[in-house]
Each structure stands twice: as C-alpha cells, then as structure tokens.
Amino acid sequence: MTTRPILILSVSAFLLGTALLAACGTTTKIPNAWRNPAHEGMPFQKIFVIGVGKNETNRRLFEDRFAEVLSGHGAVALTSYGSLPDSQRLSEAQVRGAIEGGGYDGVIV
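Residues numbered from 1 in each chain as written. Predicted model: local features only at pLDDT ≥ 70, side-chain atom pairs only at ≥ 80, totals over all residues. Heavy atoms only, no water.

Enquirer: How would you summarise the packing of aromatic side chains if you had to cite specific residues and measurements?
Expert: Within the structure shown, the criterion is met by two aromatic pairs. The ring of tyrosine 104 is capped by lysine 46, whose NZ or CZ atom sits 5.1 Å from the centre of that ring. (Phe/Tyr/Trp six-rings, centres within 6.5 Å; stacked < 30°, edge-to-face > 60°. Lys NZ or Arg CZ within 6 Å of the ring centre and 35° of its normal.)

Enquirer: Could you give me a rundown of the environment of phenylalanine 44, with the residues and numbers involved?
Expert: Along the chain, the position of phenylalanine 44 falls in the loop between helix H1 (3–23) and strand S1 (46–49). A C-alpha to C-alpha distance of 8.7 Å links phenylalanine 44 and tyrosine 104, two positions 60 residues apart in sequence. In contact with phenylalanine 44, not counting residues within four places along its chain, are His39, Ala75, Asp105 and Gly106. (Helix = DSSP H or I, 4+ residues; strand = E, 2+ residues; numbered from the N terminus. Contact = heavy atoms within 4.5 Å.)

Enquirer: Please set out the pairing of S1 residue by residue, giving values where relevant.
Expert: The pairing of S1 with strand S2 (residues 76–79) spans four bridges and is classified as parallel. Bridge pairing in S2 places lysine 46 opposite valine 76. With helix H2 (residues 56–72) bridging S1 and the parallel S2, this β-α-β connection has right-handed handedness. (Pairing = 2+ DSSP bridges. Right-handed = clockwise from strand over helix to strand, strands pointing away.)

Enquirer: Explain H2 to me, using residue names and the numbers behind them.
Expert: Here H2 contains 17 residues, and its C-alpha end-to-end distance of 24 Å stays within 8% of the 24 Å for a straight helix at 1.5 Å per residue. Within H2, the full set of buried residues consists of Arg59, Glu63, Ala67 and Leu70. In an axial view of H2, the angular spread of the buried residues amounts to 65°, which keeps them on one side of the axis. Opposite the buried face of H2, at more than 90 degrees from it, the exposed residues are Thr57, Leu61, Glu68 and Gly72. In this structure, the buried side of H2 is in contact with S1, S2 and strand S3 (106–108). The distance from a side-chain oxygen at the start of H2 to the backbone nitrogen of threonine 57 is 2.8 Å, and the residue carrying that oxygen is asparagine 55. One or two residues past the end of H2 sits glycine 74, with phi positive at roughly 95°. (Expected span 1.5 Å × (residues − 1). Buried < 20%, exposed > 50% of the residue type's maximum accessible area, 1.4 Å probe, protein only. Arc of directions from axis to C-beta. Polar contact = N/O pair within 3.5 Å; in protein donor to acceptor, adjacent residues only side chain to side chain.)

Enquirer: Run through the sheet that holds S2, naming residues and quoting values.
Expert: Sheet architecture is open: three strands sit in the order S2-S1-S3, paired in parallel fashion. Two strands bound the open sheet, and with one partner strand each, they are S2 and S3. Going from strand to strand, the sheet's axes swing by 25° on average, the running direction of each strand aside. (Axes fitted to C-alpha atoms, helices over the stretch in contact; angles between N-to-C directions.)

Enquirer: Describe the layout of surface pockets, and please don't skip the residues or the numbers.
Expert: A probe as big as a water molecule, rolled over the atoms, marks out the empty space that is left. By volume, the largest pocket amounts to about 600 Å³. In terms of lining residues, the largest pocket is bounded by 15 residues, among which Trp34, Phe44, Gly106, Val107 and Ile108 are the most central. Of all the elements in the fold, those that place two or more residues in the lining of the largest pocket are H2 and S3. At three residues, the largest contribution of residues to the lining of the largest pocket is made by S3. Residue composition of the lining of the largest pocket, grouped by class: ten nonpolar, three polar and two charged. (1 Å grid on protein atoms, 1.4 Å probe; cavity = no way out; pocket = protein on both sides within 12 Å on 5 of 7 lines; lining within 4 Å. Points joined across faces, edges and corners; volume = space filled by probe spheres on them. Nonpolar A, V, L, I, M, F, W, Y, C, P; charged D, E, K, R; others polar.)

Next up, the structure:
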C-alpha cells in the first residue's frame, strides 16, 4: 500500500521536471539589429543603457539590471533614466545630446 503513493510522487516529480526543462527551451529572436562593420572588437569602456517601453517602472528595472550585468563584466554602464526625461516619445536630439554629453563609447537600446 505504501508503494502506490511513492509511485504517484515519482511520476509527478518526473512530469514536473520534464515540464520545467521544456519551458527552458524557448528562444528569443531579435527581429532587427545593427552592428558596425568597422568595429574591430576592442571592448567598450563606458556604455549608455537605454530601455524602451510604455511602462516607466519596467524601463528602470531593465536599465538597472542591464547596467548591473555589464558592470559585472568590467564596463562602466550608466542608465538613461537619470539623463533622459520620462517620456514615451523622445526626440533624436534629446537622445544624441545625452549620449554625446556623457562621453559614451557604446550604447545599448
């Protein structure tokens, strides 16, 4: 009688494990990207992180996390929300001004 609950528990654990592994198999696709063909691979030293989205909280969370990870790899990474206004529509001049004024050698959007 004790064998049946153990069997049910084992099968449940197996199914849960299989489901978790299947969930990890998803891929993310980048529909559009540009890479400078003249870049010869020297590492960036000061990177400006710009999050784009409708939700300001998500923008800040994205920028903070991305900057944290880049900093962990030795780069100086700064978030845009400190120098760009909270707006869904920024002009090109606003973005360029923040980048050029900060002396960044790389930008992640």
